[in-house]
Amino acid sequence: MPFIDTRTLKVVERLPGWQGRYFHSPTMTFGQYEFVRGSSIHEHFHPQEEVWNVIEGELEMTIDGVTEIARSGVVGIVPSNVSH
């Protein structure tokens, strides 16, 4: 399965304003989200690492107490068990 057309995947709303599609490889899970302006999530942490790549628009992210406005071309890397 080297190619996936994400447009064919089911859209899931995990939280209000968080609409996403998910797909998996043998060792990774990928999420592709679209956010409604003003939506948010509670601060949390977990053992899985995350990488956030903003394609369009802006996303305010706080990783380990450091807040930045991520825009196209900015990647946020969340290490294992770090609050974000």
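Note: the structure precedes this text.
Because the structure is predicted, anything quoted here is derived from the model rather than measured.

Basis of the calculations
Residues numbered from 1 in each chain as written. Predicted model: local features only at pLDDT ≥ 70, side-chain atom pairs only at ≥ 80, totals over all residues. Heavy atoms only, no water. Helix = DSSP H or I, 4+ residues; strand = E, 2+ residues; numbered from the N terminus. Buried < 20%, exposed > 50% of the residue type's maximum accessible area, 1.4 Å probe, protein only. Contact = heavy atoms within 4.5 Å. Pairing = 2+ DSSP bridges.

Q: Quick rundown of the overall build of the protein? Include the residues and the values.
A: Counting its regular elements, the protein contains zero helices and seven strands. In the protein, the order of α-helices and β-strands from amino to carboxyl end is β-β-β-β-β-β-β. Overall size of the protein, expressed as C-alpha extent along the three principal axes, is 35 × 30 × 25 Å. A total of 84 residues make up the protein; the buried ones form 23% of that total. Across the protein, contacts joining residues at least 24 apart in sequence account for 26% of those joining residues at least 6 apart.

Q: Mind laying out the pairing of strand S2 (residues 18-24), listing which residues take part and the relevant values?
A: In this structure, strand S1 (residues 12-15) lies alongside S2, joined through three bridges in antiparallel fashion. Looking at the pairing, Leu15 lines up with Trp18 of S2. Hairpin connection from S1 to S2: two residues lie between these consecutive antiparallel strands, with Gly17 at a positive phi of about 85°. The pairing of S2 with strand S3 (residues 29-35) spans seven bridges and is classified as antiparallel. Paired with Trp18 across the two strands is Phe35, which belongs to S3. Linking two consecutive strands that pair antiparallel, namely S2 and S3, is a turn of four residues.

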